[in-house]
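Remarks on the overall topology
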Amino acid sequence: MQSKNTKTYTIREVSALFHLPASTLRYYEEAGILPAVPKTSGRRIYSQLHLDRLSAIECFKNTGMSISRIKDFFTYEETMETNIDNMLSLLSSQKIILEEKLSNLQNSYKHIQCKLEYYSAVKKAVDDKKSIPDWNEFFCK
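Residues numbered from 1 in each chain as written. Predicted model: local features only at pLDDT ≥ 70, side-chain atom pairs only at ≥ 80, totals over all residues. Heavy atoms only, no water.

**Topic: helix 4 (residues 67-78)**
It helps to recall that an α-helix has 3.6 residues per turn; residues three or four apart then point in one direction. Cut-off, in case you're wondering: Segments assigned H or I by DSSP are reported as helices when at least four residues long, segments assigned E as strands when at least two residues long, and all are numbered from the N terminus. Under the convention used throughout, the expected extent of a helix is 1.5 Å for every residue step, that is, one less than its residue count. Partly exposed residues are those whose accessible area sits between 20% and 50% of the maximum for their type, while under 20% is buried and over 50% is exposed, using a 1.4 Å probe and protein chains only. Note: the arc covers the axis-to-C-beta directions of the helix. Throughout, a residue-residue contact means that at least one pair of heavy atoms, one from each residue, lies within 4.5 Å.
Its 12 residues give helix 4 an end-to-end C-alpha distance of 17 Å, which sits within 8% of 16 Å, the value for a rise of 1.5 Å per residue. Those residues of helix 4 not exposed but buried are I70, F73 and F74. Buried residues of helix 4, seen end-on, are gathered within an arc of 90° and therefore sit on one face of the element. Buried residues in helix 4 make contact with helix 3 (48-62) and helix 5 (80-127).

Below, the structure written as structure tokens:
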């Protein structure tokens, strides 16, 4: 039995908190990455445990981790002492993937910045009725 101080949440509330459709929450249960959600009168009742797990799931998803690998992580976590090497390996490989993505994003950001500087210079040239700068001669700072 839950104490009066234990906050619970409906699927609608959890959906709003995490900006996820209810169908995704049900899918996470079916996929085995969200602990079983008890039901009262056929309605799911989420606890802080579920919110904490959803935070971890969303974090992992944001790094590009697959549902399968997320499930592996939580399976390893259940018997952490015997699976610590597997957990560290999984997290290390995801870190490498994330570092590559970050590097690619930084390069894309620099390219966009350069294009923005160039086209701002083009606009200024047009406004000032001057010749448009040549992209090949334009150097980003």
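**Looking at the pattern of salt bridges**
To keep it simple, the criterion reads: Should a side-chain nitrogen of Lys or Arg be within 4 Å of a carboxyl oxygen of Asp or Glu, the pair is scored as a salt bridge.
This structure, assessed with the given rule, holds 5 salt bridges. Across the salt bridge formed by K123 and D127, the nearest N and O atoms sit 2.8 Å from each other. Here the residue K123 and the residue D127 both occupy positions in helix 5, the gap between them amounting to 4 residues, near one helical turn. Look at K123 and you get exposed, because its relative accessible area is 52%. Ionic pairing is found between K124 and D128, a salt bridge with its closest N-O pair at 2.8 Å.

**A word on the environment of L98**
Position of L98 among the secondary structure elements: in helix 5. For L98, a relative accessible area of 28% gives the class partly exposed. L98 sits 34 residues away from G64 along the chain, and the two C-alpha atoms are 7.6 Å apart.

**With respect to helix 5**
The test is simple: Note that bend, as reported per residue, equals the angle between axes fitted to the 7 residues terminating at that residue and the 7 residues originating from it.
Of all bends in helix 5, the biggest is about 35°, found at N86. Taken residue by residue, helix 5 has N83, M87, L90, Q94, C114, Y118, V122 and A125 as its buried positions. Just past helix 5, the residue K129 takes up positive phi, approximately 55°.

**Quick notes on the packing of helix 1 (residues 11-18) against helix 3**
The criterion, for reference: Simply put, an axis is a line fit to the C-alpha atoms, just over the touching stretch for a helix, and the angle between two N-to-C directions goes from 0 to 180 degrees. Whether a crossing is left-handed or right-handed is set by the direction in which the near helix is turned from the far one by less than a right angle, anticlockwise for left-handed and clockwise for right-handed. Residue classes follow a fixed rule: Ala, Val, Leu, Ile, Met, Phe, Trp, Tyr, Cys and Pro count as nonpolar, while Asp, Glu, Lys and Arg count as charged, and any other residue, Gly among them, counts as polar.
Between helix 1 and helix 3, the least distance of the axes is 11 Å, while the angle of their chain directions is 35°. For the pair helix 1 and helix 3, the sense of crossing is right-handed. Of the residues in helix 3, those in contact with V14, L17 and F18 of helix 1 are L51, L54, S55 and E58. Counted by class, the contact of helix 1 with helix 3 contains 5 nonpolar, 1 polar and 1 charged residues.

**A look at a nonpolar patch on the surface**
Formally: Patch membership needs two things, relative accessible area over 30% and no salt bridge, and members are linked within 9 Å if like-charged or within 5 Å if nonpolar (Val, Leu, Ile, Met, Phe, Trp, Tyr). Using the Shrake-Rupley algorithm and a 1.4 Å probe, accessible areas are obtained, with residue cover drawn only from the displayed protein chains.
Side chains of M80, I84 and L88 sit close together on the surface and give an oily, nonpolar patch of about 250 Å² of accessible area. Here L88 shows up in helix 5. Given a relative accessible area of 48%, L88 falls into the partly exposed group.

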